[in-house]
Amino acid sequence: METERLTPKKYAMNVLNGLAIGTVVALIPGALLGELFKALLPVFPQGEFVLNATSMSNSMLGLVVGVLVGINFKFTPIQSTSLGLAAVLGGGAVQFTAEGMTLNGTGDVINVGLTAAIAAGLILVLGNRLKAYTILLIPPISLIVGGGAGLFILPYIKSITTLIGHLTAQLLNFQPIVMSVLIAIIFSILIVSPITTVGIALAISLVGIGSGAGNLGVCAAGFGLAVAGWRVNPIGTSLAHFIGSPKVSMSNVFAKPKIMLPIICNAACLGALAAIFNIQGTPMSAGFGFSGLVGPVNHLNIAGWSVGNIIVTILVFLVAPIIFGVGFNHLFTKIWPIISPEDYKLELA
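Note that the coordinates shown come from a computational prediction; the quantities given were computed from them, not determined experimentally.

As enumerated under the stated definition, the model contains one salt bridge in all. Note that Lys-258 is salt-bridged to Asp-343, the shortest N-O span being 4.0 Å. With Lys-258 in the loop between helix H11 (250-255) and helix H12 (261-276) and Asp-343 in the segment after helix H14 (307-335), the pair connects residues that are 85 residues apart, well separated along the chain.

As structure tokens, then:
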């Protein structure tokens, strides 16, 4: 385990990166397959197995996040898996009743991250001091102290995230276009940060148009960065922005924040389209954007697979972000040249 030069920023990044990757790994099976197999159940009852499998995957979010956070800290396998157990307990997915224990949903995503941070700090403090007793003491100490601390703060974190969710829903009802624009812009920025857009959407139960706007914000970042860097990056790198994740440009955005100007303008336009065309989504699907076709497929599962809806979905999720991406890139590189194509060049190992 390496603890040298572990600054507060590095500590936070280790936790946030583990939370971001772990959330995608645990939730993408359900986001891709959940709504589809629910619709197919009347004609394909065997699909119940897929729904059960994806439900299990969702509930294992805390475990996956905890292990990945441990890997980021370069913990040993014993320490990483102990951290995973603490995170799944503190996240609240495990419910204890008189009849026994059940798994219920993902738990609170933000609290999963906080529990992982607490347990990681505990493991760092203990370090290698336990020597031969590590395998005996690290698992129970991490689980009881770290997981217990997570359970203690869970009701307070839930109250905050629930309040944010209700406030967002009320504002969406009151000002759907304005709020959709704001949500799209926020998600276009969050997707190129260490913060997980999926986790945020899940934490505040972002549904309906809000979820659709979030997905379109991610599309704005994915297609916008691909278009802007098309001439200076390999084709595979450009495609990775929307097939995979715009997070591939995270270091560039941190180094040169101005390159987000075309993306933010793109997201604002797409957010308005979300409200105008009633683009829908679920908390599980919000934040994926075009990746894995999670955003468009979930919208169609909710809106219906009619010819009209399919055309609108293609236009909003694919055509519009590319057109806006080209337009705003031209604006900020040619008409108002404050950004250079070289600013989008990526040096990937």
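Attention now moves to the nonpolar core. Counting 42 residues, the largest nonpolar core has Ile-183, Leu-206 and Leu-216 as its most contacted members. Sorting the residues of this core by element identifies helix H7 (176-190), helix H9 (208-228), H12 and H14 as the ones contributing at least two each. With 10 residues, H9 is the largest single contributor of residues to this core. Not counting residues up to four positions away in its chain, the partners in contact with Ile-183 are Thr-168, Leu-172, Leu-206, Gly-210, Ala-213 and Gly-214. Counting residues in hydrophobic clusters, the runner-up holds 24 residues, among them Leu-27, Ala-31, Val-112 and Ala-119.

Note that Ile-195 resides in the loop between H7 and helix H8 (197-203). For Ile-195, the residues in contact, after removing those within four places along its chain, are Leu-190, Ile-200 and Lys-247.

As a further point, take the packing of aromatic side chains. Each aromatic ring pair is described using two quantities: the centre-to-centre distance and the angle formed by the ring planes. Per the counting criterion, the structure on display carries nine aromatic pairs. When the centroid spacing of 6.3 Å and the interplanar angle of 35° are considered together, the rings of Phe-324 and Phe-328 count as tilted. With Phe-324 and Phe-328 both in helix H14 and four residues apart, the pair spans about one turn of that helix. Phe-328 gets classed as buried once you look at its relative accessible area, which sits at 18%. Note on Phe-332 and Trp-336: the rings are 5.7 Å apart at their centroids and 35° apart in plane angle, and the pair reads as tilted. The exposure class of Phe-332 is buried, given its relative accessible area of 5%. In this structure an aromatic cluster arises from ring pairing among Tyr-11, Phe-73 and Phe-75.

A few words on the side chain of Asn-266. Secondary-structure assignment places Asn-266 in helix H12. The residues touching Asn-266, leaving out its near neighbours within four places in the chain, are Ala-220, Gly-224, Pro-321, Phe-324, Gly-325 and Phe-328.

If you check helix H5 (residues 109-126), its first and last C-alpha atoms are 26 Å apart, about what 18 residues at 1.5 Å a residue would give, namely 26 Å. All buried positions along H5 are accounted for by Val-109, Asn-111, Val-112, Gly-113, Thr-115, Ala-116, Ala-119, Ala-120, Gly-121, Ile-123, Leu-124 and Leu-126. For H5, the N-terminal cap is Asp-108; the gap from its side-chain oxygen to the backbone nitrogen of Ile-110 is 3.1 Å. One or two steps after H5, the chain reaches Gly-127, where phi turns positive at roughly 50°.

Let's shift gears to the packing of H9 against helix H10 (residues 235-243). Packing of H9 against H10 leaves a shortest axis separation of 7 Å and a crossing angle of 170°. Of the possible angle classes, the one that applies to H9 and H10 is roughly antiparallel. Here H9 contributes Gly-222, Phe-223, Leu-225 and Ala-226 to the contact with H10, which in turn contributes Ser-238, His-241 and Phe-242.

This brings us to the environment of Leu-124. Looking at where Leu-124 falls in the secondary structure, it is placed in helix H5. Along the chain, Leu-124 and Phe-75 lie 49 residues apart, while their C-alpha atoms are 8.9 Å from each other.

So, how was this worked out
- Residues numbered from 1 in each chain as written.
- Predicted model: local features only at pLDDT ≥ 70, side-chain atom pairs only at ≥ 80, totals over all residues.
- Heavy atoms only, no water.
- Salt bridge = Lys/Arg side-chain N within 4 Å of Asp/Glu carboxyl O.
- Helix = DSSP H or I, 4+ residues; strand = E, 2+ residues; numbered from the N terminus.
- Core = buried A, V, L, I, M, F, W, Y, C linked by side-chain atoms within 4.5 Å.
- Buried < 20%, exposed > 50% of the residue type's maximum accessible area, 1.4 Å probe, protein only.
- Contact = heavy atoms within 4.5 Å.
- Phe/Tyr/Trp six-rings, centres within 6.5 Å; stacked < 30°, edge-to-face > 60°.
- Expected span 1.5 Å × (residues − 1).
- Polar contact = N/O pair within 3.5 Å; in protein donor to acceptor, adjacent residues only side chain to side chain.
- Axes fitted to C-alpha atoms, helices over the stretch in contact; angles between N-to-C directions.
- Parallel < 35°, antiparallel > 145°, perpendicular 65-115°, else oblique.

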